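Spelled out, the chains give:
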Amino acid sequence: MEAKAQTNVGIERQDNNWMAKLALFFAKIAERWLPDSFVFAVVLTFVTFLGGILINGKSPAEMITYWGDGLWGLLAFTAQVITTFVMSYALALTKPVSRLLEKIAGKCHSPNSAILLVTFTSLAASFISWAFGLVVAGIIAKLVAKKVRDVDYRVLVAAGYSGFVIWQGGLSSSAALFVATKGHVFEKQIGIIPTSETIFSAVNMAIILVVFFTLPFIMKIIHPARKEDRFLIDPALLEDAIEEPQEQSDFINDKIEKSRLITLAAGILGLVYLIIHFSKNGFSLDLNTVNLMFLTFALLLFGNVRELGVGLVKSSSSVSQIILQYPFYAGIMGMMSSSGLAQWLSDFFTKFSTGETLPLFTFWSAGFLNLFIPSGGGQWVVQAPIALPAALEMGVDPAKMVMAVAWGEWSNMIQPFWAIPLLAIAGLRIRDIMGFTTITFIYVGVVASVFLYVL
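Residues numbered from 1 in each chain as written. Predicted model: local features only at pLDDT ≥ 70, side-chain atom pairs only at ≥ 80, totals over all residues. Heavy atoms only, no water.

**Comments concerning the environment of histidine 109**
In this structure, histidine 109 sits in the loop between helix H5 (95–105) and helix H6 (111–128). Taking C-alpha positions, histidine 109 is 9.3 Å from arginine 149, a pair spaced 40 residues apart along the chain. (Helix = DSSP H or I, 4+ residues; strand = E, 2+ residues; numbered from the N terminus.)

**Looking at empty space enclosed by the protein**
All told, the structure shown has one cavity of 30 Å³ or more when counted by the stated rule. Size it by volume and the largest cavity reaches roughly 50 Å³. Lining the largest cavity are Val81, Thr84, Phe85, Trp130, Ala131, Leu134, Val135 and Pro421. If you list the elements that add at least two residues to the lining of the largest cavity, you get helix H4 (75–93) and helix H7 (130–147). Of the residues forming the lining of the largest cavity, the biggest block, four residues, is contributed by H7. The class makeup of the residues in the lining of the largest cavity is seven nonpolar, one polar and no charged. (1 Å grid on protein atoms, 1.4 Å probe; cavity = no way out; pocket = protein on both sides within 12 Å on 5 of 7 lines; lining within 4 Å. Points joined across faces, edges and corners; volume = space filled by probe spheres on them. Nonpolar A, V, L, I, M, F, W, Y, C, P; charged D, E, K, R; others polar.)

**Points about the nonpolar core**
Counting 134 residues, the largest nonpolar core has Trp130, Val144, Tyr153, Leu156, Val157, Tyr161 and Trp380 as its most contacted members. Excluding residues within four positions of it along the chain, valine 144 makes contact with Ala105, Cys108, Ala114, Leu117, Val118 and Leu156. (Core = buried A, V, L, I, M, F, W, Y, C linked by side-chain atoms within 4.5 Å. Buried < 20%, exposed > 50% of the residue type's maximum accessible area, 1.4 Å probe, protein only. Contact = heavy atoms within 4.5 Å.)

**Re the environment of glycine 267**
Residue position: glycine 267 is located in helix H13 (residues 260–281). Given a relative accessible area of 0%, glycine 267 falls into the buried group. Distance in space between the C-alpha atoms of glycine 267 and glutamine 325 is 32 Å, their sequence separation being 58 residues.

**Overview of helix H1 (residues 18–33)**
The terminal C-alpha atoms of H1 lie 22 Å apart, and with 16 residues this matches the ideal 22 Å at 1.5 Å per residue to within 8%. Every buried residue of H1 is accounted for by Met19, Ala20, Ala23, Leu24, Ala27 and Ala30. The buried residues of H1 all sit within an arc of 130° when viewed along its axis, so they share a single face. More than 90 degrees from the buried face of H1, the exposed residues found are Trp18, Lys28, Arg32 and Trp33. Against helix H8 (153–162), helix H11 (202–221) and helix H22 (430–454) lie the buried residues of H1. (Expected span 1.5 Å × (residues − 1). Arc of directions from axis to C-beta.)

**What about the packing of aromatic side chains?**
Applying the stated rule across the entire model yields 24 aromatic pairs. Taken together, a centroid distance of 5.8 Å and an interplanar angle of 50° make the contact between phenylalanine 25 and phenylalanine 26 tilted. Residues phenylalanine 38 and phenylalanine 328 carry aromatic rings whose centres are separated by 5.2 Å and whose planes lie at 90° to one another, so their mutual orientation is edge-to-face. Residue phenylalanine 38 is located in helix H2 (residues 37–54), and its partner phenylalanine 328 is located in helix H16 (residues 320–338); the two are separated by 290 residues in the primary sequence. The exposure class of phenylalanine 328 is partly exposed, given its relative accessible area of 22%. One aromatic cluster in this structure is built from Trp130, Tyr161, Phe164, Trp167, Tyr326, Tyr329, Phe417 and Trp418. (Phe/Tyr/Trp six-rings, centres within 6.5 Å; stacked < 30°, edge-to-face > 60°.)

**Quick notes on H16**
In this model, H16 (19 residues) spans 28 Å end to end at C-alpha, consistent with the 27 Å of a helix rising 1.5 Å per residue. Those residues of H16 lying buried are Ile322, Gln325, Tyr326, Pro327, Tyr329, Ala330, Gly331, Ile332, Met333, Gly334, Met335 and Met336.

Have a look at this one:
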């Protein structure tokens, strides 16, 4: 879906504030200079390739081998992300969920309320699960844009993506869940660290609460006050309604496909499994569990097999960019890890650190490393072997170091890897939102830096 810009030219006396002007400045830079997200991935590939040669002395043949060996390292993860995207989007297209989301979106009557609602909703959903947050943000942004015609659609979608910044401090934090799992590879060094000392620690909750209750208002402030500066979307481009074929037949197979019992039975099967799973493991969410939840509720809420099929076709129509780009990021991760570039980068920041500055410098290095390894789990595996021994040597709480690495994911705000699924839902390009998410990057970077240094 291509977004269509509309311009409101008229008498508008109110001028943009300085933050809105700064955001629009970044937006113009992104619009003119930021390439397609696939180009971004290819450029990062060659930057990593040259870095391995120039910094670590690897040969071109070695770097190409590292790239090829790592190319399919995210294949299972890519399939999981595609499944998450398709199933959650299909769930949002069911009549009950569509009506609920439209009711929520209907609470907005102005651009300000629209921005606040989308950001708060995305933050809450992302705290529960990164996948849930991305999908909810994209869908709610589209629905709100249909209700509030004069909101800048770029800022609205950027607000939704900005809420994603909170996920590594939330319940699905890769690093925090890793060290809380018995048998993890660093157990002999740091033991089992419960989430009470990571996710629910004072430093993490301070960052979470400040970001949660201030970021929506930051996004509201950067919304252009001047209507001629806004990017408006044609509501007709945002329609997602499912129209089931109306052909009639008395054949048995036709009646079965239109029967409510088939999807209901399959949905109940998934629901029973989820009840058993949560009763044994508590409210523990991983990507497979989240996907099963989306699939189960989609089965329960779609009227029949045909309606489900139409919903899946519609929701799977925009996954091509995920399929195209994620192998390139896997190749980048392969080069970063095998060439020693990731260790060099992390060690570069660590060797200049003291006990007071180690968490802060680790956070910054994690943010830079995240541009090349935009995977919470993958980044943790690379950086933890350097960060944790340094913490033990300098007397820094390992739990704090875990969250310093985790919050390095904040640089996702200037990295298109995670924005691809959301943009596929919203129908925008990375250049449309990244100027505005740069403000989020700056703001959250300052907030996290202060608390990681002070607390």
